[in-house]
Amino acid sequence: MDFHVALRTDSDNWGPLYESQSDGLVVSGSKTGNLYSYARSLRDPADGLWTTVFIVNQLEDTTNRTALMASTFQIGRAATLNTPSGGYLTTLVTAVVDEYDADHSANVAATTAPPPPPASSPMPKERFSATGSGFYINEEAAIMTNAHVVAGCDRLTVGGEPLRIVSASEPFDLAILTPQTRRKATHFLTFATKPARLNSDITVAGFPLQGILSGLNITRGSISSMEGLEDATRMQISAPVQPGKSGGPIVDRYGRVVGVVVAMLNEEFTRERAGVAPQSINFGIRGAIGAMFAGLNDVAISTTELAEEIAPEDLADQLRDATVLIRCEGSD
């Protein structure tokens, strides 16, 4: 499979633009200010037509709360969109904006008056705690993990140190965290410049099943498929994965990141669909997608192409120093 990744800045207005190309798939994205855009085109091998999904997401503040999202879906080349002055579309958008401005002004005015006392005390929310895995990606101690690891968390820590979320993307299921107090990471992982090949050896690190197991868990396997469940942004791996290992690094025999652990095939689902239990079917997000996600959020990473093979025992030492246990506390 021909796979190409590029990171570049096209102009002063647009931030880092990323683009991923493979046979029959093109994924691209960019941002300007708090406006993120994402486009994904997939070619049907049967008739050669391209299906394109385009999403624009406007973030309201640094907490990544969505203020406005618009999307479109089509097959084939898009026709030119004309919006003449005084036309229906322009009138409709103007009316919506005016209505929003009026509601917003009313809400701002309402906040100046003290709220009425509650009729009864609300029921206290139940607290929960969970854990996941992550790994350092640069000297500034930035951590990459899954978005589902940090979803709903009021407090995130590594070794008791509080973290903040730089960015979290549900479509990619990736997130980047940084310590609230600036510091340096003594060890971090670099990304491979090229995607790992089918059947290449890989090693996976993480902290699964906390409360039952303790310490870093390392497993080995290979890349058994270059695609996930109808998802070319993911790959299938044979290395064992358990709950809590999500967000952990997948590295090749040179110690370079080629993926991020994301999921394992559900046994109940597989038994219902195929009548058999899955065996060593787990999934990771491609390392190239992780690298692009970091670039999209202006987070520096290192890539390397030339490297020497590392003994499994030495590779375990490197992963022990760079892989972290993420603790999440939140309320339902």
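Numbering of residues starts from 1 in each chain and follows the order in which that chain's sequence is written. Confidence filtering applies because this is a predicted model: local features only for residues at pLDDT of at least 70, side-chain atom pairs given and counted only at 80 or more, and all residues used for totals across whole chains, interfaces and linings. Side-chain calculation: all heavy atoms of the structure are included, whereas hydrogens and water are not.

### Overview of the confidence of the model for the protein chain
- In this model, the protein chain carries an average pLDDT of 81, and 73% of its residues clear a pLDDT of 70 or more.
- Along the chain, pLDDT gives the predictor's confidence residue by residue, from 0 to 100. We call two residues in contact when some of their heavy atoms are within 4.5 Å. Counting contacts from residues 1-16, a segment whose pLDDT is below 50, to residues more than four positions away or on other chains yields 44 contacts.

### Topic: the pairing of strand S14 (residues 217-225)
- Note on pairing: two strands pair once DSSP finds at least 2 bridges between them. Strands here mean DSSP runs of E at least two residues long; helices mean DSSP runs of H or I at least four residues long; both are numbered from the N terminus. Of the strand pairs in this sheet, strand S13 (residues 201-206) and S14 are connected by 6 bridges, and their pairing is antiparallel. Following the sheet pairing, threonine 203 is matched in S14 by arginine 220.
- Sheet topology note: the S14/strand S15 (residues 234-237) ladder contains 2 bridges and is antiparallel. Note that in S15 the partner of isoleucine 223 across the bridge is isoleucine 237.

### Quick word on helix H5 (residues 312-322)
- Three or more residues of H5 are buried, namely Leu315, Ala316, Leu319 and Ala322. Along the axis of H5, the buried residues cluster in a sector spanning 135°; they form a single face.
- Considering only its buried residues, H5 is in contact with strand S7 (127-136), S13, S14, strand S16 (249-251) and strand S20 (323-331). Accessibility here uses a 1.4 Å probe with only protein chains present; expressed as a share of the type maximum, an area under 20% marks a residue as buried, one over 50% as exposed, and anything in between as partly exposed. Within this analysis, the arc is defined by the directions that extend from the helix axis to the C-beta atoms.

### Concerning the pairing of strand S11 (residues 174-179)
- Counted residue by residue, S11 has 6 buried out of 6 residues, so it is predominantly covered.
- Sheet topology places strand S8 (residues 143-145) next to S11; 3 bridges connect them, and they run antiparallel. Looking at the pairing, methionine 144 lines up with isoleucine 176 of S11.
- Pairing analysis gives 6 bridges linking strand S10 (residues 161-169) to S11, with the strands arranged antiparallel. When the bridges of S11 are listed, alanine 168 appears paired with alanine 175.

### Observations concerning the state of the cysteines
- We call a pair of cysteine sulfur atoms a disulfide when they lie within 2.5 Å. Applying the stated criterion across every chain, the model contains 1 disulfide.
- Linked covalently through their sulfurs, cysteine 153 and cysteine 328 form a disulfide whose S-S length is 2.0 Å. Because the torsion about its S-S bond is -110°, the bridge between cysteine 153 and cysteine 328 counts as left-handed. Of this pair, cysteine 153 sits in the loop between helix H2 (147-150) and strand S9 (155-158) while cysteine 328 sits in strand S20, and the two are 175 residues apart along the sequence. Per residue, the accessibility class of cysteine 153 equals that of cysteine 328, and both read buried.

### Observations concerning the pattern of salt bridges
- Salt bridge, as used here: a side-chain nitrogen of Lys or Arg that lies within 4 Å of a carboxyl oxygen of Asp or Glu. Summed over the entire model, instances satisfying the criterion amount to 7 salt bridges.
- Its salt-bridge partner being arginine 253, residue glutamate 309 comes within 3.6 Å of it at the nearest N-O pair. Taken together, the residues span a long stretch of sequence, with glutamate 309 in the loop between strand S19 (303-304) and H5 and arginine 253 in the loop between S16 and strand S17 (257-264) at a distance of 56 residues.
- Taking relative accessible area as the criterion, glutamate 309 reaches 55% and is therefore assigned exposed.
- You can call arginine 253 partly exposed: its relative accessible area is 33%.
- A salt bridge links arginine 320 to aspartate 317; the shortest N-O distance between them is 2.9 Å.

### Examining the sheet that holds S8
- Taken in spatial order, the 6 strands line up as S7-S8-S11-S10-S9-S20 and close into a barrel, and their pairing is antiparallel. The sheet shows a mean angle of 40° between the axes of neighbouring strands, taken without regard to direction.
- As paired strands, S7 and S20 are joined by 9 bridges and run antiparallel to one another. Considered in S20, the bridge of threonine 131 is made with arginine 327.
- Sheet strands touched by helix H4 (residues 287-296): S8, S10 and S11. Its angle to S11, the strand with the most contacts, is close to 55°. Comment: axis = line fitted to C-alpha atoms, over the contacting stretch for helices; angle = value between 0 and 180 degrees taken between N-to-C directions.

### Let's talk about the side chain of asparagine 146
- Among the secondary structure elements, asparagine 146 is positioned in the loop between S8 and H2.
- Counted as a polar contact is a pair of N or O atoms within 3.5 Å, where, for protein atoms, one must be capable of donating a hydrogen and the other of accepting one, and residues adjacent in sequence contribute only when both atoms are in side chains. Within the structure, asparagine 146 has its side chain in polar contact with the backbone nitrogen of glycine 247 (distance 2.8 Å).
- For asparagine 146, the contacting residues outside a window of four places in its chain are Asp173, Leu174, Ala175, Ser246, Gly247, Val260, Val261, Val262 and Ile285.

### Points about unusual backbone geometry
- Positive phi, close to 50°, is recorded for leucine 209, a residue that is not glycine.
- According to the relative accessible area criterion, leucine 209 is partly exposed, its value standing at 29%.
- Here aspartate 298, not a glycine, exhibits a phi torsion of approximately 60°, which is positive.
- Among the structural elements, aspartate 298 can be located in the loop between H4 and S19.
- For aspartate 298, a relative accessible area of 53% translates into the label exposed.

### Overview of the nonpolar core
- Among the nonpolar cores identified, the biggest contains 31 residues, and Phe135, Ile137, Met144, Leu174, Ile176, Leu189 and Phe191 are the most heavily contacted of them.
- Elements with a contribution of two residues or more to this core: strand S3 (25-32), S11, S17, strand S18 (282-286), H4 and H5.
- When residues in this core are grouped by element, the largest group, 5 residues, is from H4.
- Look past the residues within four positions of methionine 144 in its chain and what remains in contact with it is Gly134, Phe135, Ile137, Leu174, Ala175, Ile176, Phe191, Gly247, Val260, Gly290 and Ala294. What we call a nonpolar core is a set of buried Ala, Val, Leu, Ile, Met, Phe, Trp, Tyr and Cys residues that are connected through their side-chain atoms within 4.5 Å.

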